[in-house]
Amino acid sequence: MYEFEGRIPKIAETAYVDEDAKIVGDVTIGAQCYIGPGARIRGDYGTIAIGNQTSVQENCVLHARINEKCEVGSFVQIGHGAILHNCTVKDYAVIGVGAIVTDYATIGTWSIIGEGAVVATSQTIPDGKVAVGVPAKVIRDVLESDRKLWSKYKDTYADLALRYPKGLKKIR
């Protein structure tokens, strides 16, 4: 974690930030978040805010424009290698592996963005929708079975945030 020109990350005590992740500047990470190896969360000239029990998995990038904000809600899952730039992701959303969410885009509560999808500048994905493709297009509503499945995965990462500090041991 790095201070940048007086901007200091604020990380909840129960959040897990892997030693190979880099957190810079004006970044807030909530309780029981999991920040995986290779994640880059840069609040150098913008602000990054992440709610509680959110997972930012391996090699994700989060950044914001000058004096603007990238805001991620609580209980969000951000899949491996995803990029979020100056956008808003509301509570319970899922951002698929390798997806990109660009400037001023908004991802609604309980929305699911498919793997590799690109949510274009200023695009809004409404609450409870599944969107896929380049550019992302809504293809259906989120089903109760989706919510159950993704809730299980989200709980797994929130649990890992508590287990990693005690259970992860370097062996070489």
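Given the structure is predicted, the values throughout are model-derived calculations rather than measurements.

Rules of the game
Residues numbered from 1 in each chain as written. Predicted model: local features only at pLDDT ≥ 70, side-chain atom pairs only at ≥ 80, totals over all residues. Heavy atoms only, no water. Phe/Tyr/Trp six-rings, centres within 6.5 Å; stacked < 30°, edge-to-face > 60°. Helix = DSSP H or I, 4+ residues; strand = E, 2+ residues; numbered from the N terminus. Buried < 20%, exposed > 50% of the residue type's maximum accessible area, 1.4 Å probe, protein only. Pairing = 2+ DSSP bridges. Contact = heavy atoms within 4.5 Å. Polar contact = N/O pair within 3.5 Å; in protein donor to acceptor, adjacent residues only side chain to side chain. Core = buried A, V, L, I, M, F, W, Y, C linked by side-chain atoms within 4.5 Å.

1. Details of the packing of aromatic side chains
Within this structure, the stated rule accounts for seven aromatic pairs. Ring plane angle 45 degrees and centroid distance 4.8 Å describe the contact between Y16 and Y164, whose orientation is recorded as tilted. With Y16 in strand β2 (residues 16-17) and Y164 in helix α1 (residues 144-167), the pair connects residues that are 148 residues apart, well separated along the chain. On the basis of relative accessibility, which here comes to 8%, the residue Y16 falls in the buried class. Here the aromatic cluster, defined as three or more aromatic residues joined through ring pairs, consists of Y16, Y34, Y157 and Y164.

2. Thoughts on the sheet that holds strand β12 (residues 94-95)
Neighbouring strands of a sheet are bound in pairs by backbone hydrogen bonds; such pairs are parallel or else antiparallel. Within the open sheet, the eight strands sit side by side as β2-β4-β6-β9-β12-β15-β18-β19. Their pairing is mixed. Two strands bound the open sheet, and with one partner strand each, they are β2 and β19 (137-141). As judged from the four bridges shared by strand β18 (residues 129-132) and β19, these two strands associate in the antiparallel manner. Across the sheet, the residue bridging to V130 is R140, located in β19.

3. Focus: the environment of E58
Mapped onto the fold, E58 is located in the loop between β6 (55-56) and β7 (61-63). Of the residues examined, E58 reaches a relative accessible area of 22% and is grouped as partly exposed. Contact partners of E58, with chain neighbours within four places excluded, come to Y34, G36, P37, H80 and G81. Among the polar contacts listed, one links the side chain of E58 to the side chain of Y34, at a separation of 3.1 Å.

4. Overview of the nonpolar core
As a rule of thumb, nonpolar side chains are buried together in soluble globular proteins. With 36 residues, the main nonpolar core has I29, I35, I41, L62, I78, L84 and I95 as its most contacted residues. For this core, the secondary structure elements donating two or more residues are β3 (22-29), β5 (40-50) and β8 (69-72). If you look at the next biggest cluster of nonpolar residues, it comprises five residues, including Y16, Y34, Y157 and L160.

So, to be careful, I would describe these as geometric facts and stop short of saying anything about function.
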